[in-house]
Amino acid sequence: MPIFEAVRMALRTIVTQKLKSFFSLLGVLIGVTFLIAVVSIVEGMNVYMEDQFANRLIGLNTFTLRRNPGINTGNVTEEEWRSWMRRPRITYGDAEYVAERIQTPVVTAQFCSDRMTLSYGGKQAKDIELMGTEPTYFEIKSIGIATGRIFTPQEVKAGVPVLVLGWELAEKLFAGLDPLGRDVVIQGLPYRVVGVAEKRGSLFGISLDKFAVMPFRAPARRFICPLGVLDELQIKAANPGMMQVAMAETEAIMRTRRGLRPTQESNFNLQSAEGALEGWKKISTVLLTVLPGLVAISLVVGGIVIMNIMLMAVTERTREIGIRKALGAKRRDILAQFVVESATLSTVGAAFGVGAGIGLAFVVRALTPLPAAVAPWSVFVGVGLGMIVGIIAGVYPASRASRLDPIQALRAE
Amino acid sequence: MSDRVIHVEELVREYPMGGEKVLALRGLTLSIRRNEYVAIMGPSGSGKSTLMNLLGCLDTPSGGDYWLNGQEVSRLTDDALARVRNKEIGFVFQTFNLLPRASALHNVELPLVYAGVGSRERRERAVRALTRVGLQNRMHHRPNELSGGQRQRVAIARALVNEPSLLLADEPTGNLDSTTSEEIMRVFSELHAQGQTIVVVTHEPSIAAHAERVVVLRDGKLDSDTRNRAAA
């Protein structure tokens, strides 16, 4: 009946006893903060991983044929790593063999890369990813050209020393100058710049515009890959379904080429964007499985603290309870009053927890490249859980209050 | 019969104390008619507090019967007693027993809250009750902003707001100086003149002198029951 009054009384208690209330609500607050922050970060990571990470690093509807997985988001054991290193490498021959025999319409690109130092005039750019590949690479990665052109298949075949620069690298080496037609030096040899790629932005705070692409038969290939060997063959299909078919085909073709028996494991790796996310999916599943436990523990602790606070409140206000009973309050009136008060306290704690959780998510977003996004459902769950904890924690103190003998309660100091 | 607000018959109340039973009331019979102003007196240990608790429906007797306003209330459950207290009885305590953090108005509204009266009517009736005891200008003050006499007036307003059949006062002037005591007793006399049935439990003869009838208890039994000529 006097629910509004009980809510107001609880709020007034919080306002007059700020510090004490803060400590008593800390458990619930932390629990809900956890919930909101972790859910926000995991959800943000999911979006980021799918939209950005995998598709930009590997490419849409694209998979790679490699000796070992190129992107590992899970844990790789020492043993696994050693077995990968014992596998034969992917050769030019392998790449051509697959490209010739695959039936699904696909675009392929042979690919090698390593970190190199590039220079122009007095300027040096260290630790630049130098990639040796085919013109199809630009199509597979959806890299547009800002100025100039892509090198041609003829230039690849002939091993002409030409380069397409990433946007940021071009800025760095040629600040203000037109890079087209100028020569960049790699390991003492000049490479003519024929094009500059469009800006791609960054991923996890790492720039995607610091690269140089050359025909993979250009002289510098011996610095990035041993002769006759590739890092990977990139294969892009028109859609996810066709990609699955092409992957199965590639596996069969490679097994035939290497003469593997049905019982033998494949000694090569096919990885798609989805596959690259497997590790992350495991991590996020673990996080979201462990989270309810963590939240539950802090809520239970928070509930016990609130129960204590309410028991103290009942003792402190014994006389008030006596007065109310003398004036006609029934048991359930007193019960309702204290349960509502407890629920209000706890809900306020949860609301602050929601605020802190959102704050934490925003801090993470500001300090890291993760786009932490607050999930609306987690806010409702957080506040709802807070209220439920308050109600449960309030029942025992409230029922004690409701059963007080009015005569003795009135005599209390 | 319907004229009797209170009728107790052979009322017994015993308390267990360290394995033994102590008899606080040993068969008390008493009737109080409508619009009577009765003082209950007696030395400590005479059973007057026990009687006051029983009359106020805060407690139930171990034996005997109690009719309040024609209703048998001696065997009711806790919640039923709460309803009776809410409707039939207005309490005035020695220590005022106001809620310290609530305004005078809110204190007076409290019995109406438990009676389930809507907020607008609650406010109107509380204002009327406070006006009746002359506190219309102090409605929004908290108890600690009021003098002792004013606090007791708030308590009286609270006791009257439900229009109870019985106003039950327990040492109402015990915490007040003599001037203020006179003032409060004047309020009681006025209420009595307006038709209110009043029972005052006190050990002070000067307070009892305001009543028209004085009941004296001794050892849990009726000692004397006299008409008071001095009463106006």
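Because the structure is predicted, anything quoted here is derived from the model rather than measured.

Chemist: With reference to specific residues and values, describe the sheet that holds strand 10 (residues 221-227) of chain B.
Modeler: All names here are of chain B. An order of 6-7-8-3-9-10 is seen for the six strands of this open sheet, with the pairing classed as mixed. At either margin of the open sheet sits one strand with a lone partner, and together these are strand 6 (89-92) and strand 10. Neighbour-to-neighbour, the strand axes of the sheet open up by a mean angle of 20 degrees, direction not taken into account. Across four bridges, the pairing between strand 3 (residues 37-41) and strand 9 (residues 213-218) is parallel. Paired with A39 across the bridge in strand 9 is V214. Helix 5 (residues 148-160) rests against strand 6 and strand 7 (166-170) of the sheet, and its axis sits at about 170 degrees to strand 6.

Chemist: I'd like a rundown of the domain arrangement of chain A, residues and numbers included.
Modeler: Domain annotation of chain A identifies domain 1 (3-51 + 280-411) and domain 2 (62-276). Each of domain 1 of chain A and domain 2 of chain A has a C-alpha centre, and these two points are 54 Å apart.

Chemist: Describe the interface of chain B and chain A, naming the residues involved and giving the relevant values.
Modeler: Interface size is commonly expressed as the accessible area that is lost once the parts come together. Across the contact, 18 residues belong to chain B and 15 residues belong to chain A. Elements represented by at least two residues in the side of chain B that touches chain A include exactly helix 2 (78-88) and helix 3 (104-115) of chain B. A total of six residues in the side of chain B that touches chain A trace back to one element, the largest contributor, which is helix 2 of chain B. For the side of chain B that touches chain A, the residue count by class is nine nonpolar, four polar and five charged.

Chemist: I'd like a description of the sheet that holds strand 4 (residues 63-68) of chain B, backed by residues and values.
Modeler: All names here are of chain B. Reading across from one edge, 2-1-4-5 is the order of the four strands in this open sheet, with antiparallel pairing throughout. The strands lining the two open edges of the sheet, one partner per strand, are strand 2 (20-33) and strand 5 (71-72). Sheet topology places strand 4 next to strand 5; two bridges connect them, and they run antiparallel. Of the residues in strand 5, the one forming a bridge with L68 is Q71.

Chemist: Residue-level account of the environment of B:T180, with values.
Modeler: Residues and elements named next belong to chain B. Note on placement: T180 falls in helix 6 (residues 178-193). A residue is classified by how many C-beta atoms lie within 10 Å of it, and T180, with 18 of them, is partly exposed. Along the sequence, T180 and Q152 sit 28 residues apart, while their C-alpha atoms lie 9.6 Å from each other. Not counting chain neighbours up to four residues away, the residues in contact with T180 comprise G148 and G149.

Chemist: So what's going on with helix 5 of chain B? Which residues, and what values?
Modeler: Residues and elements named next belong to chain B. Taking 1.5 Å as the rise per residue, helix 5 with 13 residues should run 18 Å; its terminal C-alpha atoms sit 18 Å apart, in good agreement. In terms of burial, helix 5 is largely enclosed, as eleven of its 13 residues are buried. Considered for burial, the residues of helix 5 that qualify are Q150, R151, Q152, R153, V154, A155, I156, A157, R158, A159 and L160. Elements in contact with the buried residues of helix 5: strand 6, helix 3, helix 4 (119-132), strand 7 and helix 6.

Chemist: Outline the pairing of strand 1 (residues 62-66) of chain A, supporting the account with residue identities and numerical values.
Modeler: Residues and elements named next belong to chain A. By the criterion of burial, strand 1 is predominantly enclosed, with five of the five residues buried. Of the two faces of strand 1, both are covered, the one formed by T62, T64 and R66 as well as the one formed by F63 and L65. By the bridge criterion, five bridges tie strand 1 to strand 13 (residues 232-236) in an arrangement that is antiparallel. In the sheet register, R66 faces strand 13, and the bridge partner there is E232. Bridge count between strand 1 and strand 14 (residues 269-272): four bridges; the pairing is antiparallel. Bridged to L65 within strand 14 is L270.

Chemist: Got a sec to walk through the packing of helix 1 (residues 3-16) of chain A against helix 13 (residues 331-367) of chain A? Specific residues and values, please.
Modeler: Residues and elements named next belong to chain A. Following both chains from N to C, one finds helix 1 and helix 13 inclined at 50 degrees, their axes separated by 8 Å at the closest point. Between helix 1 and helix 13, the interaxial angle falls into the category oblique. Considering how the two elements wind past one another, helix 1 and helix 13 form a crossing that is right-handed. Packed against helix 1, whose contacting residues are I3, A6, V7, M9, A10, L11 and I14, the element helix 13 presents A336, Q337, V340, E341, T344, L345 and V348 at the interface. The residue inventory of the contact of helix 1 with helix 13, partitioned by class, reads eleven nonpolar, two polar and one charged.

Chemist: Before we move on, could you go through the confidence of the model for chain B and cite the residues and values that matter?
Modeler: Per-residue confidence for chain B averages 91 on the pLDDT scale, and 97% of its residues sit at or above 70. Reported for the predicted complex are a pTM of 0.72 and an ipTM of 0.94.

Chemist: Please give an account of the environment of A:T315 that cites residues and values.
Modeler: Mapped onto the secondary structure, A:T315 falls in helix 11 (residues 278-316). Residues A:T315 and A:E413, spaced 98 residues apart in sequence, show a C-alpha to C-alpha distance of 9.9 Å.

Chemist: Lay out unusual backbone geometry with the relevant residues and their values.
Modeler: Residue and element names in this part refer to chain B. Even without being a glycine, N35 presents a positive backbone phi close to 65 degrees. The residue N35 is located in the loop between strand 2 and strand 3 in this model. Phi at C57 takes a positive value of approximately 60 degrees, unusual for a residue other than glycine. Within the fold, C57 resides in the loop between helix 1 (48-55) and strand 4.

Chemist: Could you give an account of the packing of helix 4 (residues 92-101) of chain A against helix 9 (residues 240-258) of chain A, naming the residues involved and the relevant values?
Modeler: Residues and elements named next belong to chain A. In contact at an axis separation of 10 Å, helix 4 and helix 9 are set at 130 degrees when each is read in the N-to-C sense. Relative to helix 9, the element helix 4 lies oblique. Where helix 4 crosses over helix 9, the two elements pack in a sense that is right-handed. Judged by residue contacts, D94, Y97, V98 and R101 of helix 4 engage T250, I253, M254 and R257 from helix 9. Taken together, the residues of the contact of helix 4 with helix 9 sort by class into four nonpolar, one polar and three charged.

The rules behind these values
Residues numbered from 1 in each chain as written. Chains lettered and ligands numbered in written order. Predicted model: local features only at pLDDT ≥ 70, side-chain atom pairs only at ≥ 80, totals over all residues. Pairing = 2+ DSSP bridges. Helix = DSSP H or I, 4+ residues; strand = E, 2+ residues; numbered from the N terminus. Axes fitted to C-alpha atoms, helices over the stretch in contact; angles between N-to-C directions. Contact = placed C-beta atoms within 7 Å. Domains from an automatic or database assignment. Nonpolar A, V, L, I, M, F, W, Y, C, P; charged D, E, K, R; others polar. Buried ≥ 20, exposed ≤ 12 C-beta atoms within 10 Å, placed from the backbone. Expected span 1.5 Å × (residues − 1). Parallel < 35°, antiparallel > 145°, perpendicular 65-115°, else oblique. Left-handed = near helix turned anticlockwise from the far one by under 90°. pLDDT = per-residue confidence, 0-100.

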